[in-house]
Amino acid sequence: MISLPEISNSAAFKNPASSSAASPLAPEWLAVPSDLNALHAPVWAGGVERNAGGELAIDGLPVSDLKEQFGTPLFVMSESDFRARARAFKDAFDAAFADICGGVDVYYAGKSFLCTAVAAWVAEEGLRLDTCSGGELAVAARAGIDGANLSLHGNNKSDAEINRALDMNLGRIVVDSLDELERVAKIASGRGDTAKVMLRLTPGVHAHTHEFIATAHEDQKFGLSMAEDTTDEAGLSAAEEAVAAATSYDSVELLGLHCHIGSQIFEPDGFALAAQKLLTFLAAVQAKYSITLPELDLGGGYGIAYTPVDTPRPAADIAQAMAAVVRSKCAELGITAPRISIEPGRAIVGSSTFTLYEVGTLKTVRVDAPAAGAGETAGKNVTHPRRYVSVDGGMSDNARPVLYDADYSAILASRTSAAAPQLSRVVGKHCESGDIVVRDVYLPEDVAAGDLLAVPGTGAYCWALSSNYNYLARPGVVAVRDGSARLIVRGETEEDLLNRDMGA
Ligand code: LLP
């Protein structure tokens, strides 16, 4: 097991609070902002700023207009920001890998956020699309994406999904287990088809992220282990067994290897290490089985900024670091570099979107914590206020704080305020005390019911993980471009919810 540096949401990446006005209840990394009205650019989409009236606006559209047209809660997405980040990834990786394998195929990970409009933008920007279910394939088909530019993932693909992939003549099916390999081969053979297959391997690189989103260590459901199997007579790893089996099936065309080491990763070391391990394995099986594996997919997982103290690297830095490793490893192994592909989701869509909420109930609680400083009360328990600011959504539109202890930030969006900063907790309206949207944030102390709050960085895995808990209707998603907004996903209505209830 190789240790990587700590990543986002961990104390190591967060600065100590600097201001003396900091609440002892605040986490160490949370500084009191010098200006509560200012936007910290890295967490926002391009084109989001305060207008002359002090209101938050996107491409010149004030949030009050968005609320009036579409209501709250609302996911507000910048189409140009999404497209720019998609292009930036493609351009950065193409440039870095140009001399190695003629560029990189970038598959946008649809699981982070997918709808027909987004699938169409992805194709228009020259990216491909990574799907992981029949439903995602249906969206891709609706957007008119050529099957050759699609991949299908998943550790438990149904026969229907495999058949659908073959019907759509998919560019690649990423096979996750020996069991599935056999099933894919059988189904393809039964249809007189050939399935284009990549094998997902677990290189044993464990990105130090939240344990539920680290996916390349051994003891988990995804992928074929590269570790030697001591119970196998020949001592072959599951990965090698799969290569041997895949090459033996007439109905399977083995394109290459795949890995994905986790998500919200800031440093390139883990990607580089995984690339080295897969290239070493690729060289060995190419020689042993006299085959050529033309493709290597290094997955997604590139981190973004959620709070002012998260500092992800530009795509170009990561691309260059990974390219350097692939170049030197291929030279060392004496192999022609395979065509590289990657699967970023969060890094393309995450920062393109903010969620707009309306403030409702407010309450302040008092919590004991040791007093700071050197005064009479130093070290003694003193009561400190924490303000609970309730909004009209919550864990049904953003499950990430509950699931992963994810940190977000929030800003008063409908106006500016000169009031003092107050340590606040933005909470939802669900019947759960863990229903937290932003655990710790300084908001102006005059925040009141009817104000609008904006939470940036909600493009990835928020709408995608949304639910109808407590019979809340899922919010819509608007895309803003050149100053006008259009719904790309309609918000649900009560009628939508009741439609599926078959009645008494
Ligand atoms: N490729 C594969 C095979 C994946 O499993 C994933 C994400 C990606 C690419 C895209 O990863 P990204 O670039 O978006 O980090 N719900 C969690 C993240 C789960 C990631 C699942 N797989 C979260 O909200 O943090």
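Residues numbered from 1 in each chain as written. Predicted model: local features only at pLDDT ≥ 70, side-chain atom pairs only at ≥ 80, totals over all residues. Heavy atoms only, no water.

Let's talk about the overall build of the protein
Each helix and strand in the protein was counted, giving twelve helices and 21 strands. Its C-alpha atoms give the protein a radius of gyration of 24 Å, near enough to 23 Å, the size a compact globule of 504 residues would have. Reported as C-alpha extents along the three principal axes, the dimensions of the protein are approximately 75 × 60 × 50 Å. When each of the 504 residues of the protein is scored for burial, the buried share is 54%. (Helix = DSSP H or I, 4+ residues; strand = E, 2+ residues; numbered from the N terminus. Rg over C-alpha atoms; globule rule 2.2 N^0.38 Å. Buried < 20%, exposed > 50% of the residue type's maximum accessible area, 1.4 Å probe, protein only.)

Looking at the pattern of salt bridges
For the structure on display, the rule yields 28 salt bridges. Ionic pairing is found between D99 and R327, a salt bridge with its closest N-O pair at 3.1 Å. With D99 in helix α2 (residues 79-101) and R327 in helix α9 (residues 315-333), this residue pair connects regions lying 228 residues apart in the sequence. Residue class for R327 comes out partly exposed when judged on its relative accessible area of 37%. Put simply, E79, R83, R87, E124, E125 and R481 are held in one network by salt bridges that share partners. (Salt bridge = Lys/Arg side-chain N within 4 Å of Asp/Glu carboxyl O.)

Side note on the domain arrangement of the protein
In many reports, interface size means the accessible area that the parts give up when they come together. What the domain assignment reports for the protein is domain 1 (11-79 + 351-499) and domain 2 (103-281 + 303-315). On a C-alpha basis, the centroid separation for the pair domain 1 and domain 2 is 34 Å. At the interface, 27 residues of domain 1 touch 21 residues of domain 2. In this assembly, domain 1 packs against domain 2 so that about 2,100 Å² is buried in total across both faces, 67% of it on carbon and sulfur atoms. Where domain 1 meets domain 2, there are zero salt bridges. For the pair domain 1 and domain 2, the interface holds three residue pairs in polar contact (both at pLDDT 80 or more). Looking at the side of domain 1 that touches domain 2, the elements that each hand over two or more residues are α11 (400-404), β20 (476-481) and β21 (484-489). For the side of domain 1 that touches domain 2, the per-class residue count stands at 16 nonpolar, six polar and five charged. (Domains from an automatic or database assignment. Contact = heavy atoms within 4.5 Å. Buried area = accessible area lost by both parts, 1.4 Å probe. Polar contact = N/O pair within 3.5 Å; in protein donor to acceptor, adjacent residues only side chain to side chain. Nonpolar A, V, L, I, M, F, W, Y, C, P; charged D, E, K, R; others polar.)

Some words on the state of the cysteines
Scanning the entire structure with this criterion turns up zero disulfides. For C115, which is in no disulfide, the shortest distance to another cysteine sulfur is to C462 and amounts to 15 Å. The class of C115 is buried, set by a relative accessible area of 7%. Sulfur of C132: no disulfide; nearest cysteine sulfur belongs to C115 and is 15 Å away. Classification of C132 as partly exposed rests on a relative accessible area of 28%. (Disulfide = S-S within 2.5 Å.)

Details of the packing of helix α4 (residues 134-142) against helix α5 (residues 159-167)
Two elements in contact, α4 and α5, have axes separated by 10 Å at closest approach and are oriented at 25 degrees. With respect to α5, the element α4 is oriented roughly parallel. Where α4 crosses over α5, the two elements pack in a sense that is left-handed. Where α4 approaches α5, its residues G134, L137 and A138 are matched on the opposing element by E161, R164 and A165. Counted by class, the contact of α4 with α5 contains three nonpolar, one polar and two charged residues. (Axes fitted to C-alpha atoms, helices over the stretch in contact; angles between N-to-C directions. Parallel < 35°, antiparallel > 145°, perpendicular 65-115°, else oblique. Left-handed = near helix turned anticlockwise from the far one by under 90°.)

So, the site of the ligand
Near the ligand, the surroundings consist of 19 residues, among which S263, E343, R400, Y404 and Y461 are the closest. Y404 places a side-chain nitrogen or oxygen 2.7 Å from a nitrogen atom of the ligand. With respect to the ligand, the side chain of Y461 contributes an N or O atom lying 2.6 Å from an oxygen atom. Its residues placed into classes, the shell around the ligand shows six nonpolar, seven polar and six charged. Both domains that meet at the shell around the ligand, namely domain 1 (11-79 + 351-499) and domain 2 (103-281 + 303-315), each give it at least three residues. (Near = heavy atom within 4 Å.)

Let's talk about the nonpolar core
Counting residues in each nonpolar core, the largest one holds 111 residues, and the members touching the most others are F93, F97, Y108, F113, V118, L199 and I488. Two domains each put at least three residues into this core: domain 1 (11-79 + 351-499) and domain 2 (103-281 + 303-315). Excluding its chain neighbours within four sequence positions, the residues that come into contact with L199 are V175, L181, L224, A239, A242, V243, L254, G256, L257 and H258. (Core = buried A, V, L, I, M, F, W, Y, C linked by side-chain atoms within 4.5 Å.)

Observations regarding the side chain of S23
Looking at the element boundaries, S23 is found in the segment before β1 (48-50). On the accessibility criterion, S23 (14% relative accessible area) is buried. Only 3.0 Å separates the side chain of S23 from the backbone nitrogen of L25, close enough to count as a polar contact. Those residues within four positions of S23 in sequence are excluded, and the remaining contacts are L423 and Y442.

Structural notes on the environment of A323
On the secondary structure map, A323 appears in helix α9. Its relative accessible area of 2% is what places A323 among the buried residues. Taking the C-alpha atoms as reference, A323 lies 9.8 Å from C101; in sequence the two are 222 residues apart. Apart from the residues lying within four places of it in its own chain, the contact partners of A323 are A96, F97 and I100.

Side note on the sheet that holds β1
Spatially, three strands are ordered β1-β2-β3 in an open sheet, and the strand pairing comes out antiparallel. Pairing within the sheet leaves two strands with one partner each, and these edge strands are β1 and β3 (61-62). Note that β1 and strand β2 (residues 56-58) share three bridges and pair antiparallel. Looking at β2, one finds that V48 is bridged to I58. (Pairing = 2+ DSSP bridges.)

Notes on the confidence of the model for the protein
The predicted model of the protein has a mean per-residue pLDDT of 93, with 94% of residues at 70 or higher. Taken element by element, the predicted model of the protein shows its lowest mean pLDDT in strand β15 (residues 381-391) (93) and its highest in strand β19 (residues 452-456) (99). In the model, residues 1-20 has pLDDT below 50 throughout and makes 54 contacts with residues more than four positions away in sequence or in other chains. (pLDDT = per-residue confidence, 0-100.)

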